[in-house]
Amino acid sequence: LLLQLLTALAALAGAACSLLAEGSGTGAASGILPFTAGGFIYLGTVSVIPEILQNSGPSQAFLQLLALLAGVGMMLLIAHYE
């Protein structure tokens, strides 16, 4: 319960920081967005890949890994063309 409270407080702090950085121009966004995307990719791979390898056969694990990499690729395309 306390860890969930800590997570919620961190989310509120992140929202407050993003609202404060909104008027500071593109410099803040160019530093915050890659950090956030990297955090999501790291958390996704750390929590998902071991579970995939443990609970799936080799072909299913390969397909799920390809889907994960396709998601990362889509994020790169969106960031590039935005």
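Predicted model, so just to flag it, every value in this text is computed and none were measured.

Considerations on the overall build of the chain
Link 1 in the chain: A tally of helices and strands in the chain yields three helices and zero strands.
Link 2 in the chain: Counting from the amino terminus, the chain carries its helices and strands in the arrangement α-α-α.
Link 3 in the chain: Taking 12 Å as the expected radius of gyration for a compact globule of 82 residues, we find that the chain reaches 17 Å, considerably beyond that expectation.
Link 4 in the chain: With the principal axes as the frame, the chain shows a C-alpha extent of 50 × 40 × 10 Å.
Link 5 in the chain: Out of the 82 residues belonging to the chain, those deemed buried represent 5%.

Some remarks on the layout of surface pockets
Link 1 in the chain: Its boundaries defined by the atoms lining it, the largest pocket holds a volume of some 350 Å³.
Link 2 in the chain: Within the residue set of the lining of the largest pocket, elements represented by two or more residues are α2 (26-55) and α3 (58-81).
Link 3 in the chain: Looking at side-chain class alone, the lining of the largest pocket contains nine nonpolar, one polar and one charged residues.
Link 4 in the chain: The calculated volume of the second largest pocket comes to roughly 230 Å³.

With respect to the UniProt feature "transmembrane region" (unreviewed entry) in the chain
Link 1 in the chain: Following the UniProt record, the feature "transmembrane region" (unreviewed entry) maps to residues 31-49 and 61-81 here.
Link 2 in the chain: Annotated as 100% helix and 0% strand, the span residues 31-49 places its first and last C-alpha atoms 27 Å apart.
Link 3 in the chain: Between the end C-alpha atoms of residues 61-81 there is a gap of 30 Å, over a span that is 100% helix and 0% strand.

Some details on the UniProt feature "signal peptide" (unreviewed entry) in the chain
Link 1 in the chain: What UniProt calls "signal peptide" (unreviewed entry) maps, in this numbering, to residues 1-17.
Link 2 in the chain: Helix and strand shares over residues 1-17 are 94% and 0% respectively, and the end C-alpha atoms of the span are 24 Å apart.

Quick notes on the environment of Leu-76
Link 1 in the chain: If you trace the backbone, Leu-76 turns up in helix α3.
Link 2 in the chain: With 39 residues separating them in the primary sequence, Leu-76 and Ala-37 have C-alpha atoms 9.9 Å apart.

Some remarks on the environment of Gly-14
Link 1 in the chain: Counting through the fold element by element, Gly-14 comes out in helix α1 (residues 2-21).
Link 2 in the chain: Placed 19 residues apart in sequence, Gly-14 and Leu-33 show a C-alpha to C-alpha distance of 12 Å.

What about a nonpolar patch on the surface?
Link 1 in the chain: A cluster of nonpolar residues, Phe-62, Leu-63, Leu-65, Leu-66 and Leu-69, forms a patch on the protein surface that exposes about 480 Å² of accessible area.
Link 2 in the chain: Note that Leu-65 resides in helix α3.
Link 3 in the chain: When its relative accessible area of 32% is taken as the criterion, Leu-65 is described as partly exposed.

Parameters and conventions
- Residues numbered from 1 in each chain as written.
- Predicted model: local features only at pLDDT ≥ 70, side-chain atom pairs only at ≥ 80, totals over all residues.
- Heavy atoms only, no water.
- Helix = DSSP H or I, 4+ residues; strand = E, 2+ residues; numbered from the N terminus.
- Rg over C-alpha atoms; globule rule 2.2 N^0.38 Å.
- Buried < 20%, exposed > 50% of the residue type's maximum accessible area, 1.4 Å probe, protein only.
- 1 Å grid on protein atoms, 1.4 Å probe; cavity = no way out; pocket = protein on both sides within 12 Å on 5 of 7 lines; lining within 4 Å.
- Points joined across faces, edges and corners; volume = space filled by probe spheres on them.
- Nonpolar A, V, L, I, M, F, W, Y, C, P; charged D, E, K, R; others polar.
- UniProt positions renumbered as here; feature names shortened; annotations may be inferred.
- Patch = residues over 30% accessible without salt bridge, like charges linked within 9 Å, V, L, I, M, F, W, Y side chains within 5 Å.
- Areas by Shrake-Rupley, 256 points an atom, 1.4 Å probe, with all protein chains shown as cover.
- Salt bridge = Lys/Arg side-chain N within 4 Å of Asp/Glu carboxyl O.

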